[in-house]
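A closer look at the structure
So the chains spell out like this:
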Amino acid sequence: MTLLQDALHRTLREPQCARRWHTLLAIWLETREPAARRPVLDILARHADDDPRSAILRLTFLARASGDSRFENAAAAQVLVMEPGDPDRLAAFMAYRWLSALQTIGERADFVADLTAGHLPAMARRLMLNAAESLPPGFVPRVAKTIQRVAVVLPYIGHQFHTPSMMGVEQAIVLAREGCQVRIFSAQELMPPDAALFRGDDRELLLPALDAQAWAGILPAGLGMTIADIRYSLPGRWASQMTTLAAFDPDVVLPVGLYSPLAAALYALRPVVGISVNTVAPIAPLDVWLTAEPDAERRPAWGGTFAPPQPVHHPYRIKRSRKHGQLTRAALGLDETAVVWITAGFRLKQEITGAWASRMLQLMARHPRVVWLLVGGAGELPQALQQAAPGRVRALATRDDLPGVFRCCDIYVNPPRMGGGFSVAEAMAEALPVTAFANSDGGDKLGPLALPDLDAYLARLAALSEDPELRRSTGQALRQRFDERLDIEASGPALLAACRQAADLARNRLTKSS
């Protein structure tokens, strides 16, 4: 008997033990021979489960081992029908699927289709109902005549370099400057306890750690955070957050993110204005959706799980850095004559892959002055770029002076990913020309300059690499676009007006419910 066969038999003797599935996967990955692997897949694909927990572990193992998303979708369906339901398990599956889609999917339509196939809309609704069970008895529906207090709700808060976290904080600061009393809440719903033990594929949820001390130095006086203790289950976190929310008694709720069950539960009590970190509608019940799409129509999203919100054009997402340090190319080890490409992000090891990476290396080979700088995460070179000539591709860990790094570079290159919109916007603010694919967060920031396919992308990048004047004119055009459409600094009156519009829209439904 081989070690792989022994691990398989051991796992099936106790199929509810996640750690046995994780050990099986480790041995599977060490076993390279297809002839040894194939029987394991065949046995597990035919296996009849006695318990839904065993089925979920088996199906998630098969999804990773085979690469077939049907197993992942089947596991998600099992999670939905399990009784009694476990909010922690549901939240774990939502977070894994969303973060995985951000790493592997490049276009918006495919992103929506993937999350829908993974039953995320139904999971979001179920978790909303779970969170609503924690609403205190005295926390009742109402609509204020004037907007004085706003609860900004994030599904997760990490450190100050985590752009979705900073986006939520910036929105809160804008409202505070408009005279509102604002408080930020997060149940840290993207990090449920024991998330890895709900799955058989040994995957971990990797998110930047909370840095409360750093936020204390960033938030203006009077603007605070209430962040859940992640040692608690999600129901425990919701109960604590709801008590504080009821005491704060907001006039409007502003969730910032793709989904938050905590914010969704508040829809039964307060007007809700939502803004997504991706260029898709939030998976949530809203009165107003703040969208970057200028001509968005009011229509059902996510299969009609929630009533369609009123779209309001509000593209403002990021603040331009006003810090102008003395960072130089020499300090970064870059030659003054080099043409420097730059890419930034926390998941570059997963996002820089396949044909795009291969074609980028081929393009670099034809342009010997090009150096490619990668910034973010642990500063590790992606596997797909390991074959680059020495010194041509360089990786730096996350830094606190990214705008300064941008000023030392020539072109921002965005990978074929659904995310990356914040980094693209930051590059635009520094007047860098950008290459990004259409139908993605990054491409949407560029408008007509987004590129439809790989050939067009590489042709634009080659032209920019060869022509300094084209780089200058393109960068200036994108800087102007940032100032007009993306800079959050001047967005306060529009954001407050959207809150008032949400209150007007919510008046009828909340009056009836009260």
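See above for the structure.
Here we summarise the structure given alongside this text. (Residues numbered from 1 in each chain as written. Predicted model: local features only at pLDDT ≥ 70, side-chain atom pairs only at ≥ 80, totals over all residues. Heavy atoms only, no water.)

1. A short note on the overall build of the chain
Across its full length, the chain carries 20 helices and 12 strands. Its C-alpha radius of gyration of 24 Å places the chain within 12% of the 24 Å reference for a compact globule of 514 residues. Principal-axis analysis of the C-alpha atoms gives the chain an extent of 70 × 65 × 40 Å. Going through the 514 residues of the chain one by one, you find that 54% of them count as buried. (Helix = DSSP H or I, 4+ residues; strand = E, 2+ residues; numbered from the N terminus. Rg over C-alpha atoms; globule rule 2.2 N^0.38 Å. Buried < 20%, exposed > 50% of the residue type's maximum accessible area, 1.4 Å probe, protein only.)

2. Topic: the nonpolar core
Ranked by internal contacts, the top residues of the largest apolar core, which has 119 residues, are W98, F111 and I184. Here this core gets 11 residues from one element, more than from any other, and that element is helix α6 (residues 87-104). The residues touching W98, leaving out its near neighbours within four places in the chain, are F111, L115, L120, L190, L258, Y259, V277 and N278. Grouped together as the second largest cluster of nonpolar side chains are 29 residues, L373, L402, Y412 and M428 included. (Core = buried A, V, L, I, M, F, W, Y, C linked by side-chain atoms within 4.5 Å. Contact = heavy atoms within 4.5 Å.)

3. Quick word on the sheet that holds strand β6 (residues 288-291)
One open sheet accounts for 3 strands, arranged β5-β6-β7; its pairing is parallel. Two strands close off the open sheet at either side, each with one partner strand: β5 (273-274) and β7 (310-313). As paired elements, β5 and β6 share 2 bridges and run parallel to each other. From the neighbouring strand, G274 faces β6, where its bridge partner is W289. (Pairing = 2+ DSSP bridges.)

4. Section: the pattern of salt bridges
Should their charged atoms come close, side chains of opposite charge can pair. Per the counting criterion, the structure on display carries 27 salt bridges. Across the pair R407 and E430 runs a salt bridge whose closest N-O atoms are separated by 2.8 Å. Taken together, the positions of R407 in helix α15 (residues 402-407) and E430 in the loop between α16 (421-429) and β12 (434-435) put the pair 23 residues apart, joining distant regions of the chain. On the basis of relative accessible area, R407 is assigned to the partly exposed category, the value being 30%. Since its relative accessible area comes to 13%, E430 is described here as buried. Via salt bridges that share partners, R142, R149, D249, D251 and R270 belong to a single interconnected network. (Salt bridge = Lys/Arg side-chain N within 4 Å of Asp/Glu carboxyl O.)

5. Re the pairing of strand β9 (residues 370-375)
A regular strand carries its side chains on alternate faces of the sheet. For β9, a buried count of 6 out of 6 residues is recorded, marking the element as mostly surrounded by other parts of the structure. When strand β8 (residues 339-344) meets β9, the two strands line up parallel, connected through 6 bridges. Across the sheet, the residue bridging to T343 is L374, located in β9. Bridging between β9 and strand β10 (residues 393-396) involves 4 bridges; their strand directions are parallel. Bridging from a neighbouring strand, L374 pairs with A395 of β10.

6. Brief notes about the packing of aromatic side chains
Tallied over the full model, the rule gives 9 aromatic pairs. Taken together, a centroid distance of 6.0 Å and an interplanar angle of 55 degrees make the contact between F185 and F248 tilted. Here the residue F185 occupies a position in strand β2 (residues 181-186), and F248 occupies one in helix α11 (residues 234-248), the gap between them amounting to 63 residues. Here F185 matches F248 in class, with each residue buried. The ring of Y267 has R509 sitting right over it, with the charged end atom 3.6 Å from the ring centre. (Phe/Tyr/Trp six-rings, centres within 6.5 Å; stacked < 30°, edge-to-face > 60°. Lys NZ or Arg CZ within 6 Å of the ring centre and 35° of its normal.)

7. Describing the sheet that holds strand β4 (residues 252-255)
With parallel pairing, the 4 strands of this open sheet are ordered in space as β3-β2-β1-β4. Across the chains shown, the open sheet's two edge strands, defined by having one partner strand only, are β3 (224-227) and β4. Averaged over all pairs of adjacent strands, the angle between strand axes in this sheet comes to 25 degrees, irrespective of strand direction. The pairing of strand β1 (residues 149-154) with β2 spans 6 bridges and is classified as parallel. Across the sheet, V153 pairs through a bridge with F185, a residue of β2. Across the sheet, helix α9 (residues 163-177) touches β1, β2, β3 and β4, and the angle it forms with β1 is around 175 degrees. Together, β1, β2 and β3 form the strand contacts of α11, whose direction differs from that of β2 by roughly 170 degrees. (Axes fitted to C-alpha atoms, helices over the stretch in contact; angles between N-to-C directions.)

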